[in-house]
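# Summary of the model geometry
One letter stands for each residue in the lines below.
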Amino acid sequence: MNKRLSKSEFKAAIESNIKTLYRKTIDEATVDQVFQAVSYAVKDIIIDEWIATHDEYEKQDVKVLYYMSMEFLIGRTLGNNIINIGAIKEVREALSELGFDLNAVEDKEPDPALGNGGLGRLAACFLDSLATLGYPAYGCGIRYRYGMFKQKIEKGYQVEVPDEWLKNPYPFEMKRPEYAYEVKFGGNVRVEKKDGKDVFIHENYNSVRAVPYDLPILGYKNNVVNSLRIWDAEAITNFSLEHFDRGEYQMAVEQENLARTIVEVLYPNDNHYAGKELRLKQQYFFISASIQRAIARYKEKHNDIKKLHEKVVFQMNDTHPTVAVPELMRILLDEEGLNWDDAWAVTTKTCAYTNHTIMSEALEKWPIDLFSRLLPRIYQIVEEINRRFVESIKKAYPGNEEKVADMAILYNNQVRMAYMAIVGSFSVNGVARLHTEILKKQELKDFYLMMPEKFNNKTNGITQRRFLLHANELLADWVSKKIGSDWICNLSAISKLKDYLDDEKAAMEFMDIKHRNKVRLAAYIKEHNNIEVDPDSIFDIQVKRLHEYKRQLLNILHVMYLYNKLKDDDGFDMYPRTFIFGAKAAAGYRRAKLTIKLINSVADVINNDSSINGKIKVVFIEDYKVSNAEIIFAAADVSEQISTASKEASGTGNMKFMLNGAITLGTMDGANVEIVEEVGKDNAFIFGLSSDEVIKYEKDGGYDPLEIFNKDSEIRKVLMQLTNGYFSAENPGMFKEIYDSLLYPDEGGRADIYFILKDFNSYAQAHERIDKAYQNKKAWARMALLQTASCGKFSSDRTIEEYVRDIWHLKKVEVKMPKNSK
Ligand code: GPV
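Conventions and cut-offs
- Residues numbered from 1 in each chain as written.
- Predicted model: local features only at pLDDT ≥ 70, side-chain atom pairs only at ≥ 80, totals over all residues.
- Heavy atoms only, no water.
- Near = heavy atom within 4 Å.
- Polar contact = N/O pair within 3.5 Å; in protein donor to acceptor, adjacent residues only side chain to side chain.
- Nonpolar A, V, L, I, M, F, W, Y, C, P; charged D, E, K, R; others polar.
- Domains from an automatic or database assignment.
- Helix = DSSP H or I, 4+ residues; strand = E, 2+ residues; numbered from the N terminus.
- Contact = heavy atoms within 4.5 Å.
- Pairing = 2+ DSSP bridges.
- Axes fitted to C-alpha atoms, helices over the stretch in contact; angles between N-to-C directions.
- Buried < 20%, exposed > 50% of the residue type's maximum accessible area, 1.4 Å probe, protein only.
- Phe/Tyr/Trp six-rings, centres within 6.5 Å; stacked < 30°, edge-to-face > 60°.

For the ligand, the set of nearby residues contains 15 residues, the closest of which are Asn 271, His 356, Asn 460, Glu 648 and Gly 651. Leu 119 has a polar backbone atom sitting 2.9 Å from an oxygen atom of the ligand. In this structure, an oxygen atom belonging to the ligand sits 2.8 Å away from a main-chain N or O atom of Gly 651. Here the residues of the shell around the ligand sort into five nonpolar, seven polar and three charged. For the shell around the ligand, the domains that each give at least three residues are domain 2 (61-74 + 114-379 + 417-457) and domain 3 (464-689 + 756-800).

Below, the structure is given as structure tokens:
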């Protein structure tokens, strides 16, 4: 860090910004205004580094990664930016002398929520790591006017409220109108012969202008500033008199509408494909703009487009950006004049694909009529990609028509996006070892057999800079005091904490910090839920999107079971437990929303029953998001990672809890497997079916939840409470749907498809082990400290280094700042 502002320089900058932005003095300013003023002061420093970084990239003519994602769940950036420019002390003191508290100021930032959950947050962690490691990269995404909705809980029900994150100007973004591109939809394609060659002319289309906004992504104290480029849409036609005169009013209205709707809102679906036309428009919109820009940038310095892959790599975050494959082909064929084979060679050396799920309901399969109507030229190219691919299947498996049916990109009047992504990419990766193995052996077996060299694993990771350094200052300081601060940029160094495992004083300090973080969360809960929780109870937390496969239902059914035991069984006792939930349900996901209502109904009854002496409290934290997640992870004792084995591709919350010293209660699913490998199976609470067992039941049948229901009176009692109004006196039938789903076959002919009753007893036993373990304070402290000490592998820095080594082949860049530049 060469450039530093002193405390008094920050003070002066803040005061002067208040003056120019609001014509006020600092004593008249609101906290909101101070947030803006501080942000501009910080941005001013960032800009110099941003310029220097891009100058360096230019000078070294580096290879650039374009990380293409429909979602970037970056969360608030002011606090992180202050840390990363190394000015936390100066800014905090400057503000304090001006009469403001930095935390309160940070709280005024809207939480940019351009993502749903794990997939979007992973993209944000990756950007953080790329910048910190000094790799040239752009995030490419959409500037949704409304991000993930805000969740309100009213009478126990989720209510969605629009997220107006752009209501006030967002101080860190920069509009870059000089890099605007046109993106075309609809119309038709006319073929003309020109010099004996077919030329494809797209006509009668509607179009919008894609205009990028850049958000700075700061590396940690290294002067590197990459960009997250999010695209806004503007109308190309404006309502000029000319158009009225020419009768093009209709066209002008249409294009205005297209521009307005295309970036209006993030689809709030996680792990679910809804097949909406507007969603496909969003996909093509940001992909076309991003690729047009990437190619224009490449051509500023290079004239051989056939070597594009030497300087450019496109990573597709799940299948949502897969139109990148035919869009790149279109540009190479129609605009750069390459022949098919050359264009295909370039494309398949430039694109790479990450798979994030095996859930069949998440697989994108666009109806051909919709796809071809919206993207006629792109569809022609997809047809040709498919025709050639089908030929190669036939060559590899002569006479095997089944293979063609199983693998063709176009099948059953649908475009199978995952298959196009695989065929068009040089790399296909899963996000945890188990997940990648399932892809290779089951879901994508045919593709793996045909092109094994493409498949690889990249186990997910998280950034310790946000989820420990920023989220848990007390613990971060303590760790640095014990072992130095290497862990901030090299998380494997945190294993040095293992020297303290049997140091009782250290373990007690660790638990004391946990306690203080529990007090902080308890205060948050008191303020937001008006529920008193005891920081001495076990904080047992499940926060993540609400989805049946994640099994929040198993968790709350088990809470009901414990409550029954406390009421019915005089011999039963338990250590006080606070069960904390946080989860948004997709707006149209009825059963998920009903589960939220169930959790809140159970909470109402239990929290108000004084006969159980506060042994159980149930809290549903409203509006779970990145900013409150930071408070939640820091305060957890137990991390609930209880998905049906094989369903959670990786999970990343599991890693955030581990980093903060919470112990995993989980199934052998996703990255839990690797977490257990790091801490040892005696230092995790593992239960339930294995993924092989689940897959076998799914294939061969043989599981009947009614058998369990009939045999097990405790489970039966819990289930009956779903239909007898025990937790919903006002409407006894309210939870009947959930009851039915557990016992009776669905349209697919199976009941309890997430094996909740099957895993119930094993889950309950794991909870008993926790109850027992927690009562041995010393042993628990050791186990908790061991979690933090063992999480080195789960840094997104490690993940990024693996992507670089195996897929992206980027070169690290150093950015030096002239001394005292201003
Ligand atoms: I596909 N994931 C997500 O958050 N949204 C999606 O639409 C899809 C996947 C998640 C997986 O469910 C997690 O297991 C995984 O950790 C995460 O993506 C990041 O890879």
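The next point concerns the side chain of His 54. In this fold, His 54 is placed in helix α2 (residues 31-60). Side-chain polar atoms of His 54 contact the backbone oxygen of Val 225, separated by 3.5 Å. Not counting residues within four places of it along the chain, the set of residues in contact with His 54 comprises Tyr 138, Val 225, Asn 226 and Ser 227.

Spatially, β20-β19-β18-β21-β22-β23 is the arrangement adopted by the six strands of the open sheet, whose pairing is parallel. On the outer flanks of this sheet lie β20 (616-621) and β23 (685-686), each paired with one strand and no other. Where strand β18 (residues 538-543) lies against strand β19 (residues 577-582), six bridges are found, and the strand directions are parallel. Bridge pairing in β19 places Gln 542 opposite Phe 581. The strands touched by helix α21 (residues 504-529) within the sheet are β18, β19 and β20, with β20 carrying the most contacts at an inclination of about 70°.

The sheet built from three strands is open, its strands ordered β13-β15-β14 with antiparallel pairing. One side of each edge strand has no neighbouring strand; the edge strands of this open sheet are β13 (365-367) and β14 (410-411). Bridge analysis of β13 against strand β15 (residues 414-416) gives three bridges, and the strand direction is antiparallel. The partner of Pro 367 across the bridge, within β15, is Gln 414. Across the sheet, helix α16 (residues 417-424) is in contact with β13 and β15; its angle to β15 comes to roughly 45°.

Moving on to the pairing of strand β2 (residues 137-142). Counting buried residues in β2 gives six out of six residues, a clear majority hidden from the surface. Residues Ala 137, Gly 139 and Gly 141 line one face of β2 and the alternating positions Tyr 138, Cys 140 and Ile 142 line the opposite face, and both faces are buried. Taken together, the four bridges between strand β1 (residues 64-68) and β2 define a ladder with parallel strand orientation. Residue pairing for β2: Tyr 66 is matched across the bridge by Tyr 138. Where β2 meets strand β10 (residues 225-235), five bridges bridge the pair, whose relative direction is parallel. Within β10, the residue paired with Tyr 138 across the bridge is Ser 227.

We now examine the packing of aromatic side chains. Centre distance and the angle of the planes are the two values used to describe a pair of aromatic rings. On inspection of all chains with the given rule, the structure shows 30 aromatic pairs. Seen from their ring centres, Tyr 448 and Phe 455 are 5.5 Å apart, and the 80° between their planes marks the pair as edge-to-face. The exposure class assigned to Tyr 448 is partly exposed, which follows from its relative accessible area of 26%. When its relative accessible area of 10% is taken as the criterion, Phe 455 is described as buried. When the centroid spacing of 6.2 Å and the interplanar angle of 50° are considered together, the rings of Tyr 563 and Phe 727 count as tilted. Of this pair, Tyr 563 sits in helix α22 (residues 552-568) while Phe 727 sits in the loop between α29 (713-720) and α30 (736-743), and the two are 164 residues apart along the sequence. For Phe 727, a relative accessible area of 4% corresponds to the buried category. Through successive ring pairs, a cluster of aromatic residues spans Tyr 67, Phe 126, Tyr 803 and Trp 808.

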